There are 2 protein chains.
Amino acid sequence: MKLKKLAAVIAALSVTLILASCSFGSSKSSSSSSSYTTTGKAESGTYQGVIKNGKYQVSKSRGVNVGQNDNQFNLKSFETGLLNVSKKVYSTKSYVFEEGQYLTTDTVENWLSRKSSSNASGLNPVKGKTNGTRNPIYIQQIEEQDFMSQSGSSLKLHGITIGIGLNSIDYYQKTTDGPTYKQKISDADLKAYGEKAAQTVLKRLRKNKALKDVPITIALYKQAANDSLVGGTFFEYSSNSGTNLSSWKQMNVKNKVYPKSASTSSSSDDQDDNDTFSNFKSQVQGFFPNLSGVTAQAQYTDGSLSGMHITVTTQFYSQTEITSFTQYITQAANKYLQKGIPIDIKIQSATDLQAIAFRDSGDSKFTTHVFDSY
Amino acid sequence: MKLKKLAAVIAALSVTLILASCSFGSSKSSSSSSSYTTTGKAESGTYQGVIKNGKYQVSKSRGVNVGQNDNQFNLKSFETGLLNVSKKVYSTKSYVFEEGQYLTTDTVENWLSRKSSSNASGLNPVKGKTNGTRNPIYIQQIEEQDFMSQSGSSLKLHGITIGIGLNSIDYYQKTTDGPTYKQKISDADLKAYGEKAAQTVLKRLRKNKALKDVPITIALYKQAANDSLVGGTFFEYSSNSGTNLSSWKQMNVKNKVYPKSASTSSSSDDQDDNDTFSNFKSQVQGFFPNLSGVTAQAQYTDGSLSGMHITVTTQFYSQTEITSFTQYITQAANKYLQKGIPIDIKIQSATDLQAIAFRDSGDSKFTTHVFDSY
């Protein structure tokens, strides 16, 4: 773990120490109570969240994954991607979202560690070598999401989802503060290891009385490299009713960064999208002097562009400049960028977000907001 | 000028050096040209901006005010406040906004300096004492805004607005890098000085052929203290057709920060609003562990609350927590905060904006957006 993460981990631990008193395996169940409410009417395609006694029900393993990710894009895309898997299985219309209440910080930390004499539950391989090769850390992060069915003012657990984040590159140090080495893990290897771990996790979860009969969905995620400008993606999931894994459903999700670097092959199938984005970028950059950067994260689902997060980095501008620029970029986005997909555009200086323009799924127009101050 | 501003000033200068070639007093006029377009259909109550040959028309004195303000709230509220004054005089339906094209960087810098043998045009008093008291710097910033009327694809200058920012406290050093001293300026003094300077500015502007006959509006702004958490406000403006100042129209705008500190008098007329905000704050802070701050800038116009900018500072949260929190805070805002006024709520960590909720003027509902990443 890098030093720069230490502060975040300490902050996370100070939360989780308080919350870790209820350990995995206890029969505590939040299956029904009249003191629950929800975060309120959610937008279409979004879950409501559970509030208990006026407080949000935070995860029992809150903060663990922060310390597990040197690349924050892996953290965010894992959480959001897992929720997207859940939406395929548990309808946002029928169920209410609750942060994971069954896997505690202790449990997740033990599972993420190597198997050893002092940690029989470790899901990562023993320290040492197999066939002359170092055993890498395969499993980098684990997250649980719960879905409740509502009946009047009472809530009952309907099903849960578990995400397992698998390294495509394991970063490790031979000595504390020593240089960092990389061990690559092939797609085939991380998939095989992930599926084996998923079976183990499923069997363990079924031992908890509250989880004995509910649907359990397990999804596998491939972590992006630490220097990637976009996070990893989920590649398969399995919904299960018993203790043996059902078949895996494949997911075809790819993340890309635009504009592509010159070294990237120009013959690939995203060249048109890259050209389109470059036209948008040129149009926008010509508008102002000193516009320093226009980049995008793009996501493809089943081969089609399914969304973009665009960041425009500006140097100093006045409020009137920002307002005019926001009007202009919205015009340019409507003209140049793909229609019918969710897009957001952040307009920011080195220190501040100055304005945003966004078009949600199903919207035909961009909504804009310029940040102002009295 | 503080050292911390140096980088911003250097950046601004590198822009303005390029733009300063057209000096004040020349007869260059952007009065009509067919190569103009605008930034496009603007929201109700917002000006369109001028684009010339695909580029935004930046101000001829771009960046000067950045170096003039140690408190960035004074920079933003001056720009936005001046635009609000302009809207009273030049209808957003009839006119297009253009950044100031007549006052150049050189002109504004000379005007902002003290009058001296080498700077006859300085609007601030000579260095020295009057009646035994140091003469303070009264005028801290000046901004020009232009308003064009559109006729087909051609644009003609309709009128301009000049804002003059007046110090309520002049911060100065006796020696370079020495300690900073404060000299207070009374409301009566800054008003009298500002009105005198406005008359001088009006006469000077009329000497420019392009500005000989157009309406010129001059507005006076009282700068907030450098440690204020909210910027200053405009207090009067005058619209003029000749070379002698017409009567001043008074403005009653006040900025406040909520929650009020304990030391602030509790008997004042904003106590109800402060209590309302405190209720909202309590409701929101109870929701999550580790929510570190909920503060607001509030603006009052003619004695009534006319808008708020709320900032919620969070410690680490996951994407699902942010989504749920955004739903929740929108509910709380609808329930607790004043209806019928524009409000925006920024939800941010120490480093990132995580989500926003905003209700524009005329909207009945909050719009939300959670910032995500692939």
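- As recorded in an unreviewed UniProt entry, chain A goes by the name CamS sex pheromone cAM373 family protein, listed as coming from Paucilactobacillus oligofermentans DSM 15707 = LMG 22743.

## Overview of the overall build of chain A
At step 1: In terms of helices and strands, chain A carries 7 helices and 19 strands.
At step 2: Within chain A, the fraction of its 374 residues that count as buried is 52%.
At step 3: Put simply, 61% of the contacts in chain A that link residues at least 6 apart link residues at least 24 apart.
At step 4: As displayed, chain A offers around 16,500 Å² of accessible surface, 50% of which is attributable to carbon and sulfur atoms.

## Description of the relation of the copies chain A and chain B
Both copies of the chain are related through a single rotation about an axis accompanied by a shift along the same axis.
At step 1: Relative to chain B, chain A is turned by 180° and slid 0.0 Å along the rotation axis, the superposed coordinates differing by an RMSD of 0.0 Å. Here the copies are linked by what is in effect a two-fold axis. Taking C-alpha positions as reference, the residue of chain A nearest the rotation axis is Leu353(A), located at 3.6 Å.
At step 2: When the interface residues of chain A are mapped onto chain B, 100% of them are again interface residues, pointing to one common binding face.

## So, the packing of helix 6 (residues 271–285) of chain A against helix 7 (residues 319–336) of chain A
Residue and element names in this part refer to chain A.
At step 1: At their nearest, the axes of helix 6 and helix 7 sit 10 Å apart, and the two run at 155° to each other. In terms of their interaxial angle, helix 6 and helix 7 are classed as roughly antiparallel. In this structure, helix 6 meets helix 7 at a crossing whose hand is right-handed. Contact with helix 6, carried on its side by Thr276, Asn279, Phe280, Gln283 and Val284, involves Phe325, Tyr328, Ile329, Ala332, Ala333 and Tyr336 of helix 7 and no other residues of that element.
At step 2: Of the residues in the contact of helix 6 with helix 7, the class split is 8 nonpolar, 3 polar and no charged.

## Considerations on the interface of chain A and chain B
At step 1: Contact residues are listed per partner, giving 65 residues for chain A and 65 residues for chain B.
At step 2: Between chain A and chain B lies a buried interface of about 5,700 Å² when both sides are counted; carbon and sulfur atoms form 56% of it.
At step 3: Remark: the boundary between chain A and chain B carries 2 salt bridges.
At step 4: Two residues, Arg62(B) and Glu321(A), come together in a salt bridge whose shortest N-O distance is 2.6 Å.
At step 5: At the boundary of chain A with chain B, the tally comes to 26 residue pairs in polar contact (both at pLDDT 80 or more).
At step 6: For the side of chain A that touches chain B, the element with the highest residue contribution is helix 7 of chain A, accounting for 8 residues.
At step 7: Partitioned by chemical class, the residues of the side of chain A that touches chain B number 24 nonpolar, 30 polar and 11 charged.

## Concerning unusual backbone geometry
Residue and element names in this part refer to chain A.
At step 1: The linkage connecting Tyr258 with the following residue, Pro259, adopts the cis geometry, with an omega of -5°.
At step 2: Structurally, the position occupied by Pro259 is in the loop between strand 14 (253–258) and helix 6.
At step 3: Of note, Asn131 is a non-glycine position whose phi angle comes to about 55°, a positive value.
At step 4: Inspection of the secondary structure puts Asn131 in the loop between strand 5 (129–130) and strand 6 (133–134).

## Examining helix 5 (residues 187–206) of chain B
Note: α-helices contain 3.6 residues per turn, so residues at a spacing of three or four share the same orientation.
Residue and element names in this part refer to chain B.
At step 1: The terminal C-alpha atoms of helix 5 lie 28 Å apart, and with 20 residues this matches the ideal 28 Å at 1.5 Å per residue to within 8%.
At step 2: For helix 5, the full list of buried residues reads Leu190, Tyr193, Gly194, Ala197, Ala198, Val201, Leu202, Arg204, Leu205 and Arg206.
At step 3: Packing partners of the buried residues in helix 5 comprise helix 4 (105–112), strand 7 (139–151), strand 8 (154–166), strand 11 (216–222) and strand 12 (233–240).

## Some remarks on the sheet that holds strand 16 (residues 304–314) of chain A
All names here are of chain A.
At step 1: Pairing is mixed across the open sheet formed by 6 strands, whose spatial order is 14-15-16-17-18-19. One side of each edge strand has no neighbouring strand; the edge strands of this open sheet are strand 14 and strand 19 (367–370). When the angles between neighbouring strand axes are averaged without regard to direction, this sheet yields 10°.
At step 2: As judged from the 6 bridges shared by strand 17 (residues 343–348) and strand 18 (residues 353–359), these two strands associate in the antiparallel manner. Its bridge partner lying in strand 18, Gln348 is registered against Leu353.

## So, the pairing of strand 18 (residues 353–359) of chain B
All names here are of chain B.
At step 1: Of all 7 residues in strand 18, 7 are buried, a share of seventy percent or more.
At step 2: Hairpin connection, strand 17 (residues 343–348) to strand 18: the antiparallel pair is bridged by 4 residues.
At step 3: As paired strands, strand 18 and strand 19 (residues 367–370) are joined by 4 bridges and run antiparallel to one another. Looking at the pairing, Ala357 lines up with Thr368 of strand 19.

## With respect to the packing of aromatic side chains
At step 1: Here the structure, examined in full by the defined rule, presents 37 aromatic pairs over all chains.
At step 2: Seen from their ring centres, Tyr138(A) and Tyr193(A) are 3.9 Å apart, and the 5° between their planes marks the pair as stacked. In this pair, Tyr138(A) is assigned in the loop between strand 6 and strand 7 (139–151) and Tyr193(A) in helix 5 (residues 187–206), connecting sequence segments 55 residues apart. No difference in accessibility class separates Tyr138(A) from Tyr193(A), as the two residues are buried.
At step 3: With a centroid separation of 6.5 Å and 75° between ring planes, the pair formed by Phe358(A) and Phe358(B) is classed as edge-to-face. In this pair, Phe358(A) is assigned in strand 18 and Phe358(B) in strand 18, connecting two distinct chains.
At step 4: Connected via pairs of aromatic rings, a cluster forms that spans Tyr47(A), Tyr90(A), Tyr95(A), Phe97(A) and Phe147(A).
At step 5: In this arrangement the basic side chain of Lys174(A) is found over the ring face of Tyr181(A), its NZ or CZ atom lying 4.1 Å from the centre.
At step 6: Note that Lys256(B) overlies the ring of Tyr300(B), its terminal NZ or CZ placed 5.1 Å from the centroid.

## A look at the sheet that holds strand 14 (residues 253–258) of chain B
All names here are of chain B.
At step 1: Strand order in the open sheet made by the 6 strands is 14-15-16-17-18-19, with mixed pairing throughout. Lying at the two open borders of the sheet, with one neighbouring strand each, are strand 14 and strand 19. Within the sheet, the average angular offset between the axes of one strand and its neighbour, ignoring direction, is 10°.
At step 2: Where strand 15 (residues 291–301) meets strand 16 (residues 304–314), 10 bridges bridge the pair, whose relative direction is antiparallel. The partner of Gln297 across the bridge, within strand 16, is His309.

## A closer look at the pairing of strand 16 of chain B
Residues and elements named next belong to chain B.
At step 1: Taking the residues that link successive antiparallel strands as the turn, the strand 15-strand 16 hairpin has 2 residues, and the phi of Asp302 there is positive, at about 50°.
At step 2: Two strands pair when backbone bridges link them, and strand 16 and strand 17 are joined in this way by 6 bridges, in the parallel orientation. In the sheet register, Val312 faces strand 17, and the bridge partner there is Ile347.
At step 3: Taken together, strand 16, helix 7 (residues 319–336) and strand 17 constitute a β-α-β crossover, and its handedness is right-handed.

## Looking at the side chain of Ser228(A)
At step 1: Relative to the elements of secondary structure, Ser228(A) occurs in the loop between strand 11 (216–222) and strand 12 (233–240).
At step 2: For Ser228(A), the residues in contact, after removing those within four places along its chain, are Asn71(A) and Phe73(A).

## Considerations on the confidence of the model for chain A
At step 1: Across chain A, the average pLDDT comes to 87, with 88% of residues at or above 70.
At step 2: The low-confidence segment residues 1–33 of chain A, where pLDDT is below 50, has 56 contacts with residues more than four positions distant or belonging to other chains.

## Quick word on the environment of Ala296(A)
All names here are of chain A.
At step 1: On the secondary structure map, Ala296 appears in strand 15 (residues 291–301).
At step 2: Sequence separation between Ala296 and Lys260 is 36 residues; the distance between their C-alpha atoms is 9.7 Å.
At step 3: Residues in contact with Ala296, not counting those within four places in the same chain, are Lys256, Val257, Tyr258, Phe277, Met308, His309 and Ile310.

## Focus: the side chain of Thr330(A)
Residues and elements named next belong to chain A.
At step 1: For Thr330, the location among the structural elements is in helix 7.
At step 2: Relative accessible area serves as the criterion here: at 11%, Thr330 is assigned to the buried category.
At step 3: The residues contacting Thr330, other than those within four sequence positions of it, are Ala357, Phe366 and Thr368.

About the thresholds
Residues numbered from 1 in each chain as written. Chains lettered and ligands numbered in written order. Predicted model: local features only at pLDDT ≥ 70, side-chain atom pairs only at ≥ 80, totals over all residues. Heavy atoms only, no water. Helix = DSSP H or I, 4+ residues; strand = E, 2+ residues; numbered from the N terminus. Buried < 20%, exposed > 50% of the residue type's maximum accessible area, 1.4 Å probe, protein only. Contact = heavy atoms within 4.5 Å. Areas by Shrake-Rupley, 256 points an atom, 1.4 Å probe, with all protein chains shown as cover. Least-squares fit on C-alpha atoms with pLDDT ≥ 70 in both. Axes fitted to C-alpha atoms, helices over the stretch in contact; angles between N-to-C directions. Parallel < 35°, antiparallel > 145°, perpendicular 65-115°, else oblique. Left-handed = near helix turned anticlockwise from the far one by under 90°. Nonpolar A, V, L, I, M, F, W, Y, C, P; charged D, E, K, R; others polar. Buried area = accessible area lost by both parts, 1.4 Å probe. Salt bridge = Lys/Arg side-chain N within 4 Å of Asp/Glu carboxyl O. Polar contact = N/O pair within 3.5 Å; in protein donor to acceptor, adjacent residues only side chain to side chain. Expected span 1.5 Å × (residues − 1). Pairing = 2+ DSSP bridges. Phe/Tyr/Trp six-rings, centres within 6.5 Å; stacked < 30°, edge-to-face > 60°. Lys NZ or Arg CZ within 6 Å of the ring centre and 35° of its normal. Right-handed = clockwise from strand over helix to strand, strands pointing away. pLDDT = per-residue confidence, 0-100.

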